Amino acid sequence: MSTTEPGEIVESSQVAAQWARIRGRLQNEVGDVEYRTWLRQMTLVGVEGDEVTVHLPTRFLRDWVSSRYGTRLNALWQLENESIRRVDIRVGGTVAPIATPAEAAPARPAQPEPMNLVTTPVFEPNSDDRPESRMDLAAALDSRFTFDAFVVGKPNEFAYACARRVAEAPASQGFNPLFLYGGVGLGKTHLMHAIAWELAARNEAAGKRLVSVAYMSAEKFMYRFIAAIRTQSTMEFKEQLRSVDVLMIDDLQFLIGKDNTQEEFFHTFNYLVEAGKQIVVSSDKSPSALDGLEDRLRTRLGCGMVADLHTTTYELRISILETKAARAGIPVPTKVLEYLAHKITSNVRELEGALNRLIAHANLFGRPITLEATHEVLHDLLKAHDRRISIEEIQKRVAEHYAIRLTDMSSARRARQVARPRQVAMYLAKQLTSRSLPEIGRKFGNRDHTTVMHAVSRVNELMERDGSFAEDVELLRRLLES
Ligand code: ADP
Ligand code: MG
C-alpha cells in the first residue's frame, strides 16, 4: 500500500531510513514496554516541505503521543534532517478498536482493494493473469503459520483437528462454517492461515483448478465495505467476495454494533454456504456469548462446527517452547524453558515473544542462554507479569487521564465529569485487582458495593455503545498493565 499522496515529495528510501533510526532511538530512550504501548503504531505518511506527517490509529493515541513525545519527535527529526521544522501527528491508518464508522474509515484509495486471494497452483498458466493476487497472499498470510509449526496439546487439539479437517475437505457436512474461538494469542489466526496454506499446497500437488481463499479481519471487512459504499462500488465488493471458494473472517467480535456490516456479512455468508463454499470465522467468544450480534447471524454461525482454544497448560507451554527453540537452532537449557513456562502463562504470543528476545540476545552477543541471562534480558517483561496493580495507582492514572483531582475519586461529587472517571476507575479496579466489591467501594470514599457493581455494568454498557470510550478504557488498562 502506498502511504504517500500525490503532491508529496518524499525521497522515500532516505526518509524511510531516517524514520527507522528515529524509531530505534525512541525505543531505546523510552524502553520496550512503553514503546510497544504507545509508539509502535506510528506510521510515517510522508514529508512535504519542512513538515513530516505521522499517523496514529486513534484519537487517544494521537493525543497521548503528541503531548508526551511530540517535542522529542521534533528534535529527533531535526537531528536526522535539518530541513524538518514540524512534525504533524494525525489520526489515520487502521488498527483495533474502531470508533464510529464515519470517523474510523481513514482516507482510502477510491477503488476497493483486491482481496487476499490464494491462487494455486502457482505455475498454472492462467495464474499469470493474477500476479496481484499472489502478491497479496504473501502480504496477508504469515508464512510461519502452518500446521507443521502448530504445537498440539490438550487445550487446542480439538480446534486443530477441525482446522485440519476443513483444509482436507472444505465445505464438508457438519464443518461449515468452522467457528474458532478463544482468548488473545492462543492460535486462532495461526490456524486460519494454516488452513489457507494447506489448501494451497494440496491443490498445487493435485494440479487441481485454482482455489481462491479470501482471508481478512472483520475490521478490514468493515473498512472495505464502508469504502465500497463511499465509492459506490458495493456491487464489485460483493462480487469479489462471492467469487471465493473459502472465506475467512478473523476476529468477528469487531462486527458487534456495526449493524450494516453485519447485515452484509450475513448475506455473503448465506450466499457462500448455499453455493457449497467453506466459511471459517474466529472470535474471542463463542457464538452464543457474542452479545450484540444479530440473532440470525449468531444462529447461523453456530450451526457448523464450533471449536474453542483453551488457555494453555504448563505442558503445552513447555512443548511450544521446546519446538520453537529447536526450530531456531539455539540450545536453550531446560531450566530456562521451565522458568519461562512457569512465569509467562497469559498466552502463546507473549511466551514466544520472550523466547525470541532471549534468542536475539544470544545471537547478538554470542553468549549462551543461561538462567541468569534470562533474568537479565527479560527483567522488565517478568516484572510486568509479577506486578500487582493497586487501586491507588488506578485512581491516580485515571484521574490524570481525565484531568480531574485525585480527591474526586473519593469525594461525594456527582457531576458527570467526575462521576464517569470514577466509574471507570472502579471498573478497572474490579478488572485488574482481586479486591472484592465492598473493598473497592471502601477505597472510593466508603461507597456501597452496589455502587461499584453499578459502575462496572455501566462502563461495560458504555464500552459496547461507544467505540471511542471503549478505546479509552482499553488503553488505560494497557497502560496500567505495562
Ligand atoms: P490469536 O489469533 O488467537 O490471538 P495467534 O494465532 O496470532 O493468536 O497466535 C499468537 C502467536 O502464538 C503466533 O505467533 C502463533 O504462531 C503462536 N502460537 C499460538 N498457538 C500456537 C501453537 N499451538 N503452536 C505454535 N505456535 C503457536
Ligand atoms: Mg488473531
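Details of the structure are given in the entry above.
Residue numbers here run from 1 along each chain, matching the order of that chain's written sequence. Chain labels run from A onward and ligand labels from 1 onward, assigned in the order the entries are written. With pLDDT at 70 or above as the cut-off, local features in this predicted model cover only qualifying residues; side-chain atom pairs require 80 or more to be listed or tallied, and sums for whole chains, interfaces and linings still use all residues. Note that the side-chain values use all heavy atoms of the structure and ignore hydrogens as well as water.

**Remarks on the overall build of the protein**
Along the protein, the regular secondary structure elements total 21 helices and eight strands. Residue contacts follow a heavy-atom distance rule, with two residues in contact if any of their heavy atoms lie within 4.5 Å. Looking at the protein alone, contacts between residues at least 24 apart form 73% of all its contacts between residues at least 6 apart. To be clear on the numbers: accessible area is Shrake-Rupley with a 1.4 Å probe, and residue cover counts the displayed protein chains and nothing else. Just so you have it, the protein exposes about 23,700 Å², and 50% of that area is on carbon and sulfur atoms. Per the convention used, a helix needs a DSSP run of H or I reaching at least four residues, while a strand needs a run of E reaching at least two, with both numbered from the N terminus.

**Quick look at the packing of aromatic side chains**
Only rings of Phe, Tyr and Trp enter the pairing, Trp through its six-membered ring, and a pair is recorded when the two centres are within 6.5 Å. The plane angle decides the type: under 30 degrees is stacked, over 60 is edge-to-face, the rest tilted. Scanning all chains against the criterion turns up eight aromatic pairs. Centroid distance Phe150 to Tyr160: 5.8 Å. Interplanar angle 5 degrees. Geometry classified as stacked. Residue Phe150 is located in the loop between helix 5 (131–140) and helix 6 (157–168), and its partner Tyr160 is located in helix 6; the two are separated by 10 residues in the primary sequence. Relative accessible area decides the class of each residue, using a 1.4 Å probe on protein chains only: under 20% of the type maximum gives buried, over 50% gives exposed, and in between gives partly exposed. By relative accessible area, Phe150 is classed as buried at 9%. Cluster of aromatic residues (ring-pair linked, three or more members): Phe221, Phe225, Phe237, Phe265 and Phe269.

**Focus on the sheet that holds strand 3 (residues 86–91)**
Strand pairing requires that DSSP identify at least two bridges connecting the strands. Across the sheet, three strands lie side by side as 1-2-3; this open sheet has mixed pairing. Looking at strand neighbours, the two that pair on one side only are strand 1 (43–48) and strand 3, the edges of this open sheet. Averaged over neighbouring strand pairs, the angle between their axes works out to 25 degrees when direction is ignored. Here five bridges tie strand 1 to strand 2 (residues 51–56), and the two strands are oriented antiparallel to one another. Note on strand 2: the bridge partner recorded for Thr43 is His55. Fitting a line to C-alpha atoms yields each axis, with helices limited to the stretch in contact; the angle taken between N-to-C directions then spans 0 to 180 degrees.

**So, the sheet that holds strand 5 (residues 213–217)**
The strand order 5-6-7-4-8 describes an open sheet built from five strands, whose pairing is parallel. Each edge of the open sheet carries a strand with a single partner, namely strand 5 and strand 8 (305–309). Sheet twist, expressed as the mean angle between neighbouring strand axes with direction ignored, is 15 degrees. In the sheet, strand 4 (residues 178–182) pairs with strand 7 (residues 278–283) via four bridges, with the strands oriented parallel. In the sheet register, Phe179 faces strand 7, and the bridge partner there is Val281. Contacting strand 4, strand 7 and strand 8, helix 6 runs over the sheet at an angle of about 135 degrees to strand 8.

**Description of the pairing of strand 6 (residues 246–250)**
Looking down a regular strand, the side chains alternate between one sheet face and the other. Of all five residues in strand 6, five are buried; the element is thus mostly enclosed. The two faces of strand 6 match: Val246, Met248 and Asp250 on one face and Leu247 and Ile249 on the other face are all buried. Examined bridge by bridge, strand 5 and strand 6 share five bridges and lie parallel to one another. The partner of Ala214 across the bridge, within strand 6, is Leu247. Pairing analysis gives four bridges linking strand 6 to strand 7, with the strands arranged parallel. Within the sheet, the bridge partner assigned to Met248 lies in strand 7 and is Val280. Here a crossover is taken to be right-handed if, once the strands point away from the viewer, the path from the first strand over the helix to the second is traced clockwise. Tracing the backbone out of strand 6, into helix 10 (residues 259–274) and back to the parallel element strand 7 gives a crossover that is right-handed.

**What about the site of ligand 1?**
Neighbouring residues of ligand 1: 18 residues in total, closest Gly185, Thr189, His190, Lys324 and Glu352. Contact between ligand 1 and Gly187: an oxygen atom at 3.1 Å from a main-chain N or O atom of the residue. Counted as a polar contact is a pair of N or O atoms within 3.5 Å, where, for protein atoms, one must be capable of donating a hydrogen and the other of accepting one, and residues adjacent in sequence contribute only when both atoms are in side chains. Residue Thr189 places a side-chain N or O atom 2.8 Å away from an oxygen atom belonging to ligand 1. For ligand 1, the accessible surface in isolation is 560 Å², of which the surrounding protein chains cover 94%. Those elements that provide at least two residues to the shell around ligand 1 are helix 7 (188–206), helix 12 (314–328) and helix 14 (348–365). For the shell around ligand 1, the residue count by class is eight nonpolar, six polar and four charged. What fixes the domain bounds is an automatic or database domain assignment. Shared between two domains, the shell around ligand 1 takes at least three residues from each, and those domains are domain 2 (157–309) and domain 3 (325–384). Neighbouring residues are identified by heavy atoms, a residue being near a molecule or strand if any of them is within 4 Å of it. For this classification, the nonpolar set comprises Ala, Val, Leu, Ile, Met, Phe, Trp, Tyr, Cys and Pro, the charged set comprises Asp, Glu, Lys and Arg, and every other residue, Gly included, is treated as polar.

**Structural notes on helix 10**
Helix span, as expected, comes to 1.5 Å for every residue beyond the first. Between its terminal C-alpha atoms helix 10 stretches 22 Å, which fits the 22 Å expected from 16 residues at 1.5 Å a residue. Taken together, the buried positions of helix 10 are Thr261, Gln262, Glu264, Phe265, Phe266, Thr268, Phe269, Asn270 and Leu272. Where the residues of helix 10 are buried, they touch helix 8 (218–230), helix 9 (234–242), strand 6, strand 7 and helix 11 (295–301). Gly276 sits one or two positions beyond helix 10 and adopts a positive phi of about 75 degrees.

**Brief notes about helix 20 (residues 449–465)**
Relative to the 24 Å expected for 17 residues at 1.5 Å per residue, helix 20 spans 25 Å between its end C-alpha atoms, a close match to the ideal helical length. Among the residues of helix 20, Val452, Ala455, Val456, Val459, Leu462 and Met463 are the ones counted as buried. The arc enclosing the buried residues of helix 20, seen along the axis, measures out at 135 degrees, which places them on a common side. Along helix 20, the residues that are exposed and aim more than 90 degrees away from the buried face are Glu464 and Arg465. Close packing links the buried residues of helix 20 with helix 18 (416–432), helix 19 (437–443) and helix 21 (467–481). Throughout, the arc means that of the directions going from the helix axis to the C-beta atoms.

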